[in-house]
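# Structural overview for review
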Amino acid sequence: MSLAILAHYSKKSVQEEIYEFLRGRWVGLEGVGKKWVRWEGDRPLAINKPSDVYVLFSKYSKIAPRSIYGSIEVFGRLESRVDVEEGYDSNVKLATPFIDIDLEGEFGKSWRTAVEAINTIVSFLESRNVSESVYILWSGNGFHIRINEHAFDRVLEGKHPVEVAWGVVEYVLETLEKDLFNLVRNCGGCIKIENIVNPKRVFTAPLSFHREKNRVAIALKPRALVEFDPEWSNPSNPRHDPQAWRSFKKGEADDLAEEAFSKLRVFRKSNHMRIQLETPREAKLGERVDEGDKIVEKAGTTEPPRIGRFQVMGLLQAARYYVLKGDLEKAKSWGLNRAIFYAWAKYYGPSSRRLLMRMREVYGSSSSYRDEELKWDSLGGEKAQVSPRGLYVIGGVEQTPEDYDRNIAKKIELAGIPYELAWEKAVEYVRRFPDRVLLDPQEFYKKVYEPVRDRFAEIVFKSREQGGDRQ
């Protein structure tokens, strides 16, 4: 670990600021090569006093930690695994809504466009009388627009705090979709704006080092954006406003949250599942088509339907299995199994005692097994348990082809895309990659899934308009 980084976290002012922000939050340390620490034995990683910051960076020096994060949730207790797993629902007291703005293109253009997007969003929030609780966090290479978690009060009666956080962010982005899309389009896709609020999601703490860049995260109030400069995050003299994230007006976002829930068609399958729209948003903004580094608009068309990342992962994993092994039924089982694994493992851990119950509740399979009844199978470097019927299992529950049809195929159909067409394009797309990529789970994730996870529908939509021509 760099001595400069350790010296930064040894400063009393830095320790106190990070401690104050992370009190009650589940902490994560990230080191070089995306190595993480989130547990101390069976206890969620937490900070109980300012000096703990330096202690953690010293203790886990083997991963060369650079960045420190906290959960979007504020918990009542962080003493054992139960507090963030079985007891999660009742233990979450508050949650912080945030809108993520990543810089994708030329740095100078992208951060300036991001500021325009922030101003658009902040203006909308102010129109809903949400202003004192809003702050901006600049990570050194991207922005968060956050609303202080104490801005929600009466709305939390009967609603989970993460549900409220997600709904507010989704409503803001849905309402401003046309304006924000125009900003993204006009700058050639130089920024990406997302709602990534999820249970147990972590985000950057103020004064944390960026995971790669020689920058530290700073908080500021929206009014300071008029004179903002990226150099404010220089670690030698960061221009950080410690009151930005501390200031709030209790309950000022209640009306906005209630408005969001009255206008969004939302449902939750469980307190741990990300809330989803019952029907996809379809803003008639023109078709977005990638042309090199540009995003252009075709007049007279509508934005492609949206397929959720869960469905894209399940579809592509099924196509991967089918291309390699040629068994359609097992391909469906594998596809749903892997989609569940990637979506849930980072929150629960594959051995969570609550996973079996959640699996039965959400995926509706009646077939469950004890560990001694199961065998292991692998696809390249990726292992999964197999039932006596030869279908894949996670959390003791078997993933059947019928489960796949209900949770992957049907959801793709509901998004407005014929499943058979999506399957045809998925197999065609996966076949383009050599076996060595398909057999390596990390290569598959990075080279096959990740590049299209948010735009796979565009490939299908475009091919349908062009009579099925290959992209």
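By convention here, each chain's residues receive numbers from 1 onward along its written sequence. Totals for whole chains, interfaces and linings use every residue, but because this is a predicted model, local features are given only for residues with pLDDT of at least 70 and side-chain atom pairs only at 80 or more, for both listing and counting. To obtain the side-chain values, all non-hydrogen atoms of the structure were included, while hydrogens and water were left out.

## Re the nonpolar core
The condition that has to hold: Nonpolar cores are built from buried Ala, Val, Leu, Ile, Met, Phe, Trp, Tyr and Cys residues. Side-chain atoms within 4.5 Å join them into one set. Accessible area is worked out with a 1.4 Å probe on protein chains only. A residue is then buried under 20% of its type maximum, exposed over 50%, and partly exposed in between. The contact definition used throughout considers only heavy atoms, calling two residues in contact when any of these lie within 4.5 Å.
In terms of nonpolar packing, the biggest core is built from 92 residues, with Ile68, Phe143 and Phe152 touching the most fellow members. Aside from chain neighbours lying at most four places away, what touches Ile68 is Tyr9, Ile18, Leu22, Val27, Gly28, Leu29, Ile47, Phe57, Thr204, Ala205 and Ser208. Counting 36 residues, the second-largest nonpolar core is a separate cluster that includes Ile340, Tyr404, Tyr419 and Val460.

## Considerations on the sheet that holds strand E18 (residues 375–379)
Note the threshold: A pair of strands is considered paired only if DSSP assigns at least 2 bridges between the two. A run of H or I in DSSP counts as a helix once it spans at least four residues, and a run of E counts as a strand once it spans at least two, with each numbered from the N terminus.
Pairing within the open sheet is antiparallel, and its four strands lie in the order E18-E19-E20-E21. In this open sheet, the two edge strands, each paired with only one partner strand, are E18 and strand E21 (397–398). Where E18 lies against strand E19 (residues 382–386), five bridges are found, and the strand directions are antiparallel. What sits directly across from Leu379, in E19, is Glu382.

## Notes on the packing of helix H5 (residues 107–127) against helix H7 (residues 177–186)
Our working rule: Throughout, an axis means a line fitted to C-alpha atoms (over the contacting stretch in the case of helices), and angles, computed between N-to-C directions, take values from 0 to 180 degrees. In this scheme, roughly parallel covers angles under 35 degrees and roughly antiparallel covers those over 145, while 65 to 115 is roughly perpendicular and the rest are oblique. Note that Gly is not counted as nonpolar here; it falls among the polar residues with everything else outside the nonpolar set of Ala, Val, Leu, Ile, Met, Phe, Trp, Tyr, Cys and Pro and the charged set of Asp, Glu, Lys and Arg.
Across the interface, H5 lies against H7 with an axial gap of 10 Å and an inter-helix angle of 170 degrees. Judged by the inter-axis angle, H5 sits roughly antiparallel to H7. Between H5 and H7, the residues in contact are Thr113, Glu116, Ala117, Thr120 and Ile121 and Asp179, Leu180 and Leu183, respectively. A breakdown of the residues in the contact of H5 with H7 according to their chemical character gives four nonpolar, two polar and two charged.

## With respect to the packing of helix H9 (residues 309–325) against helix H12 (residues 401–414)
Formally: Definitions for this section: a left-handed crossing has its near helix turned counterclockwise from the far helix by less than a right angle. A right-handed crossing has that turn clockwise.
The geometry of H9 relative to H12 is characterised by a closest axis approach of 9 Å and an angle of 110 degrees between their N-to-C directions. Between H9 and H12, the interaxial angle falls into the category roughly perpendicular. In the crossing of H9 with H12, the sense of the turn from one axis to the other is left-handed. Here Phe310, Gln311, Gly314, Leu315 and Ala318 of H9 come into contact with H12, specifically with Tyr404, Asn407, Ile408, Lys411 and Ile412. Broken down by class, the residue content of the contact of H9 with H12 amounts to six nonpolar, three polar and one charged.

## Brief notes about the pattern of salt bridges
As a reminder of what qualifies: Definition used for salt bridges: Asp or Glu carboxyl oxygen within 4 Å of a side-chain nitrogen of Lys or Arg.
In the structure shown here, the tally under the stated rule is 30 salt bridges. One salt bridge in this structure joins Arg77 and Asp83, with 3.3 Å as the shortest N-O distance. With a closest N to O distance of 3.0 Å, Glu428 and Lys425 form a salt bridge. Linking Glu428 with Lys425, this pair stays in helix H13 (residues 419–430), spanning three residues, or about one helical turn. Each of the two residues, Glu428 as well as Lys425, counts as buried. Put simply, Arg154, Asp254, Asp255 and Glu258 are held in one network by salt bridges that share partners.

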